[in-house]
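One-letter residues, chain by chain:
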Amino acid sequence: MPVRMLSPKLKNFAICFVGVALSLSSCVNLRHISEFSKTSIEGIEQYDSLSTSFFEVCLQDARQESIRKFDIHHTEYDCEQNNKADSITKIIYKATQSYFDGLSDLSQNELTNYNTDNLTQTLATGDFGPLKLNETDVKAYSDISTLLLRAITDTYRRKKLKEYITQAHGPLLKLLQFLELNLEGNLTGKLNVQKSSLKNFYFDFVKDKRLSTYERTKFAEDYFRRISEIDAQQKELQTLAEILREISKGHQSLYNNSGHMTDKQVRKELLGYGSQMENSIRSLRNM
Amino acid sequence: MAHRWKIAFVRYAICESKSTFTCENKAVKKGSHLYYFKNMPNLKAQQVKELADNLLRMTNALGDYRYENSEHLSENENWQIKELHRQQLEDTTELYTLSAVLIMEEVEMSLQKIETITKETIALYKKLGTVQHVLDRATSILTLATAIIGLNVKGITSSIKSLLSPVSK
């Protein structure tokens with residue numbers, strides 16, 4: 001609406017309010033934080049699609065033991081500790097995911113895009129008895145209040161986001177490191193042990209000259225097939241760990257720049273970490 | 001006979017890694033060094049993982065020795081090393097699990113902090129979202145008032161319905 005159409009009193013208010021509002025809200029675009037958080041969530045969620053777990057490795061080890069003993073009847077196994085290891089990993093994963101959910105929700109620009117169209121319409125067309133409201137003025141007041149409302153809530157939101165990111169940084173990095181330790185360290189370690197156990201088992205069959213060439217070849221094939229399967233699982237874990245490291249770097253960038261989160265440099269850095277993550281997510285999905 | 005010395009050496013190395021245990025000439029009892037690690041005070045998850053990595057390297061050295069010298073080993077020697085190797089691998093995999101379980105003690109504080117912050121972000125998100133609801137609710141009330149002033153029965157009904165709808169609550 002053109003400003004010249006307003007009454008002089010309203011015109012002054014309008015200029016004053018718009019000035020304040022614009023100065024408060026002009027730089028508040030937190031989409032890059034929201035985008036980075038969403039990609040982080042997508043990356044962390046790849047945990048759910050992993051083809052291995054502590055329990056699975058334990059179960060495979062137990063079955064391998066049954067094969068070694070040529071006994072498929074007594075197959076009791078105790079994987080309680082491994083179940084516990086999975087639960088702990090899942091707790092850390094869920095906590096990290098929830099944090100980024102909150103960050104993503106809070107930083108989306110749409111959150112504070114308030115809509116006062118209904119209010120304007122009612123005020124402008126309503127019958128208030130002897131009170132007559134000028135439609136143009138109503139629209140102007142409404143637009144100004146929306147802008148001001150957004151400016152105030154955005155400033156508050158930015159201040160709170162800075163607080164959350166600063167407070168969460170230490171604990172989040174620790175959780176991500178431990179998640180990495182469990183997946184790329186401990187679970188990969190267990191798979192390395194499994195590889196060694198398989199070699200320990202298959203070696204003598206492949207070398208045994210009392211067996212036929214066909215049997216020995218089949219044993220060797222079985223061995224290499226199992227090793228390839230484990231290699232693929234380890235590759236998944238390694239890629240997920242790379243995603244976790246990108247998340248840590250992105251959050252570090254936010255933490256380092258918490259005073260000026262909307263700067264171009266931060267946007268650029270987050271975009272870089274986000275696109276690295278997207279590449280890793282894509283390659284995980286193609287595995 | 002040189003390989004016998006090598007076997008003895010590898011066994012000695014593995015036994016030495018357990019510090020407090022005497023292995024003598026037999027295979028180490030299953031679980032013995034796990035008991036030791038579990039009861040070692042202040043052992044962190046990362047340290048247990050590193051111990052497991054080292055144990056795996058040493059254990060694999062034993063396996064490699066068998067693979068490379070299988071033709072020179074007697075059946076009994078081969079079986080002995082194979083069993084020792086297998087048992088060590090069983091213990092090593094348990095060490096990795098132990099490290100993963102130990103993590104819980106170390107992340108407890110961080111988990112609590114993150115959960116608190118997450119709750120705060122959700123609360124703020126709801127609060128900011130409520131602003132729109134308040135705006136809508138104010139509009140509904142105003143619509144009702146307008147409808148009453150204008151003696152519009154149809155408008156009154158639809159305004160009340162709108163006020164009672166879950167979104168505007």
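To be clear, the structure that these remarks concern was listed above.
Let me begin by describing the structure that accompanies this report. Only a predicted model underlies this, so the values are computations on that prediction, with no experimental measurement involved.

**Details of the state of the cysteines**
Throughout this description, disulfide means a covalent bond between two cysteine sulfur atoms.
Residue and element names in this part refer to chain A.
Part 1 of the argument: Within the structure shown, the criterion is met by one disulfide over all chains.
Part 2 of the argument: Here Cys 58 connects covalently by a disulfide to Cys 79, the sulfurs 2.0 Å from one another. Here the S-S torsion is close to -90°, and the disulfide linking Cys 58 with Cys 79 is therefore left-handed. With Cys 58 in helix α3 (residues 54-68) and Cys 79 in the loop between α3 and α4 (80-107), this pair connects stretches of sequence that are 21 residues apart. Take Cys 58 and Cys 79: they sit in the same class, and that class is buried.

**Focus: the interface of chain B and chain A**
Part 1 of the argument: With 49 residues of chain B in contact, the opposing surface of chain A contributes 60 residues.
Part 2 of the argument: It is Tyr 67, Ile 114 and Leu 128 of chain B in chain B that bury the most area against chain A; as a group they hold 12% of the surface buried on that side.
Part 3 of the argument: For the interface between chain B and chain A, the tally reads four salt bridges.
Part 4 of the argument: It is helix α4 (residues 75-149) of chain B that contributes the most residues to the side of chain B that touches chain A, 39 residues altogether.
Part 5 of the argument: Here the side of chain B that touches chain A is composed, by residue class, of 20 nonpolar, 18 polar and eleven charged.

**What to know about the pattern of salt bridges**
Side chains carrying opposite charge are able to pair once their charged atoms draw close together.
Part 1 of the argument: On inspection of all chains with the given rule, the structure shows 20 salt bridges over all chains.
Part 2 of the argument: We note a salt bridge from Glu 65 of chain A to Lys 69 of chain A, for which the minimum N-O separation is 3.7 Å.
Part 3 of the argument: A salt bridge links Glu 90 of chain B to Arg 86 of chain B, with the nearest nitrogen and oxygen atoms 2.7 Å apart. In this pair, Glu 90 of chain B and Arg 86 of chain B are both assigned in helix α4, four residues apart and thus about one turn of the helix distant.
Part 4 of the argument: Ionic contacts of the salt-bridge type, sharing partners, join the residues Glu 65, Arg 68 and Lys 69 of chain A together with Glu 83, Arg 86 and Glu 90 of chain B into one network.

Rules used in this analysis
Here the residue numbering is sequential within each chain, running from 1 through the sequence in written order. Chains carry letters from A onward and ligands carry numbers from 1 onward, assigned in written order. Residue-level local features of this predicted model are given only where pLDDT is at least 70; pairs of side-chain atoms are given and counted only at 80 or more, and the full residue set underlies all totals for whole chains, interfaces and linings. To obtain the side-chain values, all non-hydrogen atoms of the structure were used and water was disregarded. In this description, the term disulfide denotes a pair of cysteine sulfurs within 2.5 Å. Helix numbering and strand numbering both begin at the N terminus, where a helix is a DSSP run of H or I of at least 4 residues and a strand a DSSP run of E of at least 2. For each residue, the accessible area found with a 1.4 Å probe, counting protein chains only, is set against the maximum for its type, and the residue is called buried under 20%, exposed over 50%, and partly exposed in between. A contact between two residues is defined here by any heavy atoms of the two lying within 4.5 Å. Values labelled buried area give the accessible surface lost by two parts on being combined, using a 1.4 Å probe and summing over both. Salt bridge criterion: a side-chain nitrogen from Lys or Arg within 4 Å of a carboxyl oxygen from Asp or Glu. Residue type decides the class: Asp, Glu, Lys and Arg count as charged, Ala, Val, Leu, Ile, Met, Phe, Trp, Tyr, Cys and Pro as nonpolar, and the leftover types, Gly among them, as polar.

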